[in-house]
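Letter by letter, the chains look like this.
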Amino acid sequence: MDHTTPAVPASQLDVNSLSQLEAALRRLDGGFADLPAFEAEGEDAAGLARVLAEVAERLRDNYPYFHPLYAGQMLKPPHPVARLAYALALWLNPNNHALDGGRASSRMEKEAVAALARLFGWETHLGHLCGGGTLANLEALWVAGQLRPGTTVLASAHAHYTHQRISAVLGLSFEAVACDARGRLDAGALERRLAQGGVGTVVATLGATATGAVDPLPRLLALRERYGFRLHADAAYGGYFTLADNLAPETRQAFDVLGQADSLVIDPHKHGLQPYGCGCVLFRDPSVGRFYKHDSPYTYFSSAELHLGEISLECSRPGAAAVGLWATQRLLPLEPGGVFAGRLARGRAAALALFARLRADPRFVTIFEPELDIVVWLPRAERATEASRRSRAIFAEAARRHLHLALAELPMELIGPYAPHMAANRETVTCLRSVLMKPEHAGWVERIHAILGEAASVGGSPDDWAASHV
Ligand SMILES: *Cc1c(COP(=O)(O)O)cnc(C)c1O
């Protein structure tokens, strides 16, 4: 062994790709070489270093989202190319509100958004990036409300809570529709409500946030034929799964008709490998752009080309978000059978593998098979209170072993049929939940299951419960 070479400390975070940023930054800089030289008012390097070191220390107080043993909430590390391209753009800090604020990044946004629209078979569309799924859904429901004034919005009881809140913000009436035993919007219940009249918009969720359940879109489209409502698809979480080659047949059928929705939301910052601050709303009919019309006296003078602020509710927006997304799609095109699709499918395969292990494990109770990459389960227990307490104990014990899970508070109606021997002495049950978003998860399922077993025997045994309640 050569003792003169200093050992390079192994890193957990991707540090290696950072050197590529400098080369790209110098190339960008070269584009402005003909400007007269100037001195920016800089900060002293020692001050920067001191504060950055402090920031690095502060940031250590986080779960390790990038690691395969982080298997909790919907948190996925951005791709290095997204991180670097985003950072590169920050040296200019373009604003995609108007072309004056970001010519190149606005064009990159239009290209990236068109690629997302094509994912659902839309050759024409109206759409743009925005802060996230909440804002994207708000714009979609706002347009729906303009087109169907005075009508009610329906979404499933397991739809994201944002729909109810957004409807209240927009002054639209909202009602939740019951779900079936697989957490999907119950088409029978929907039809009964539609028959009563007054419904203008139905929200279909493709990938419910808690369980990943996919609403039965083909049936909803058949009901649209009959009742003429507007159909908005919230695919903030699940949209990209249309590229996965390992969906169950019914789930596949829902994704195959997603392009028939009137509007659609997909979050590149969920499964599209982007940093936060990147949602996307798409409308099938570009003419809804008329609702956004406004007469800004000072914004849009630089060209007759579309300024994204003319079709967006937000004004200033980070051009860097568009640059990150464009770069990612350039490196990993949104193609069936491509690298991006393959990685998405591996996360789902990991979820199916974990589900199979948990189903065969007498210590746990599983609910329905995951439709995407989200697994929900609970400790086997005599009462809902006990299962809930043990879920929390297992969550804490697993974290001590570096396995980070999530908890989900789910209604007894949903869980009960899968745990018929458990007394329903509580309206909801605290369940364990794991979102297996990273392709690396596929290689860690055995380890994750082993840690769960240890955590269950330490923190979640029924005797332990009995002893603490005498
Ligand atoms: C995450 C999510 C949202 C909200 O999106 P944000 O990007 O967090 O604002 C809406 N709907 C669904 C189905 C989601 O999963």
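Residues numbered from 1 in each chain as written. Predicted model: local features only at pLDDT ≥ 70, side-chain atom pairs only at ≥ 80, totals over all residues. Heavy atoms only, no water.

So, on to the sheet that holds strand S10 (residues 406-411). Pairing is antiparallel across the open sheet formed by four strands, whose spatial order is S8-S9-S11-S10. Of all the strands in the sheet, the pair left with one neighbour each is strand S8 (364-366) and S10. When the angles between neighbouring strand axes are averaged without regard to direction, this sheet yields 40 degrees. Along the sheet face, helix H12 (residues 339-359) touches S8, strand S9 (374-379) and strand S11 (428-435) and points at about 15 degrees away from the line of S9. Along the sheet, helix H13 (residues 384-400) makes contact with S8, S9, S10 and S11, crossing S11 at roughly 35 degrees. (Pairing = 2+ DSSP bridges. Helix = DSSP H or I, 4+ residues; strand = E, 2+ residues; numbered from the N terminus. Axes fitted to C-alpha atoms, helices over the stretch in contact; angles between N-to-C directions. Contact = heavy atoms within 4.5 Å.)

Right, let's talk about the side chain of His-128 for a bit. On the secondary structure map, His-128 appears in strand S1 (residues 126-130). A polar contact of 2.7 Å, which involves the side chain of His-128, links it to the side chain of Glu-139. When residues no more than four places from it in sequence are discounted, the contact partners of His-128 are Glu-109, Val-113, Glu-139, Gly-279, Cys-280, Val-281, Tyr-292, Leu-308, Ile-311 and Ser-312. (Polar contact = N/O pair within 3.5 Å; in protein donor to acceptor, adjacent residues only side chain to side chain.)

Looking now at the domain arrangement of the protein chain. Interfaces are often sized by the accessible area lost when the parts come together. According to the domain assignment, the protein chain consists of domain 1 (99-331) and domain 2 (339-467). Here the C-alpha centroids of domain 1 and domain 2 sit 30 Å apart. Facing the 30 residues of domain 1 at the interface are 21 residues of domain 2. Buried surface at the junction of domain 1 and domain 2, summed over both partners, amounts to about 2,100 Å²; 65% is from carbon and sulfur atoms. Taken together, domain 1 and domain 2 are joined by one salt bridge. One salt bridge connects Arg-184 with Glu-371, and the closest N-O pair in it is separated by 3.0 Å. For the pair domain 1 and domain 2, the interface holds ten residue pairs in polar contact (both at pLDDT 80 or more). Mapped onto the side of domain 1 that touches domain 2, the elements with two or more residues apiece are helix H9 (249-256) and helix H10 (268-271). (Domains from an automatic or database assignment. Buried area = accessible area lost by both parts, 1.4 Å probe. Salt bridge = Lys/Arg side-chain N within 4 Å of Asp/Glu carboxyl O.)

In the vicinity of the ligand, 13 residues are found, and the nearest of them are Thr-134, Asp-234, Asp-267, His-269 and Lys-270. For the ligand, an oxygen atom lies 2.9 Å from a polar atom in the side chain of Lys-270. Burial of the ligand by the surrounding chains reaches 87%, relative to a free accessible area of 380 Å². If you tally residues by element for the shell around the ligand, the top one is helix H5 (residues 133-147), at three residues. Partitioning the shell around the ligand into residue classes produces two nonpolar, eight polar and three charged. (Near = heavy atom within 4 Å. Areas by Shrake-Rupley, 256 points an atom, 1.4 Å probe, with all protein chains shown as cover. Nonpolar A, V, L, I, M, F, W, Y, C, P; charged D, E, K, R; others polar.)

Glycine aside, a negative phi is what most residues show, and trans is what most peptide bonds show. With phi around 65 degrees, Leu-273 is a residue other than glycine that occupies positive phi space. Looking at the secondary structure, you find Leu-273 in the loop between H10 and strand S7 (279-283). Phi angles above zero are rare outside glycine, and His-402 is one such case at about 70 degrees. Tracing the backbone shows His-402 in the loop between H13 and S10. Relative accessible area serves as the criterion here: at 57%, His-402 is assigned to the exposed category. (Buried < 20%, exposed > 50% of the residue type's maximum accessible area, 1.4 Å probe, protein only.)

Glancing now at the pattern of salt bridges. Scanning the model with the defined rule gives 20 salt bridges in all. Taking the shortest distance from any N to any O, the salt bridge between Glu-57 and Arg-60 comes out at 4.0 Å. By relative accessible area, Arg-60 is classed as exposed at 65%. Put simply, Glu-397 and Arg-400 hold a salt bridge, and the shortest N to O gap is 2.4 Å.

Right, let's talk about the packing of H5 against helix H6 (residues 162-170) for a bit. In a pair of packed helices, the angle between the axes and the distance between the axes together describe the arrangement. Interaxial distance between H5 and H6 falls to 10 Å at its minimum, and their mutual angle equals 50 degrees. Our classification of the angle between H5 and H6 gives oblique. When you trace H5 past H6, the crossing you get is right-handed. Residue-level inspection shows Thr-134, Asn-137, Leu-138, Leu-141 and Trp-142 of H5 in contact with H6, the latter providing Thr-162, His-163, Ile-166, Ser-167, Val-169 and Leu-170. For the contact of H5 with H6, a count of residues per class yields six nonpolar, five polar and no charged. (Parallel < 35°, antiparallel > 145°, perpendicular 65-115°, else oblique. Left-handed = near helix turned anticlockwise from the far one by under 90°.)

So, about the pairing of strand S4 (residues 199-205). Most of S4 is tucked away: seven of the seven residues are buried. Here strand S2 (residues 152-156) runs beside S4; their pairing, made up of three bridges, is parallel. Note on S4: the bridge partner recorded for Thr-152 is Val-199. The sheet contact formed by S4 and strand S5 (residues 230-234) spans five bridges and is parallel. For Val-203, the partnering residue across the bridge sits in S5 and is His-232. Regarding topology, helix H8 (residues 217-227) serves as the crossover connection from S4 to the parallel S5, and that connection is right-handed. (Right-handed = clockwise from strand over helix to strand, strands pointing away.)

All right, on to the packing of aromatic side chains then. Enumeration over the complete set of coordinates arrives at seven aromatic pairs. The interplanar angle of 70 degrees and the centroid separation of 6.4 Å between the aromatic rings of Tyr-63 and Tyr-65 together place this pair among those described as edge-to-face. For Tyr-65, a relative accessible area of 28% gives the class partly exposed. Centre to centre, the rings of Tyr-240 and Phe-340 are 5.3 Å apart; their planes meet at 55 degrees, and the pair counts as tilted. Taken together, the positions of Tyr-240 in the loop between S5 and H9 and Phe-340 in helix H12 put the pair 100 residues apart, joining distant regions of the chain. What makes Phe-340 buried here is its relative accessible area of 6%. Clustering of aromatic rings is evident, with ring pairs tying together Tyr-63, Tyr-65 and Tyr-70. (Phe/Tyr/Trp six-rings, centres within 6.5 Å; stacked < 30°, edge-to-face > 60°.)

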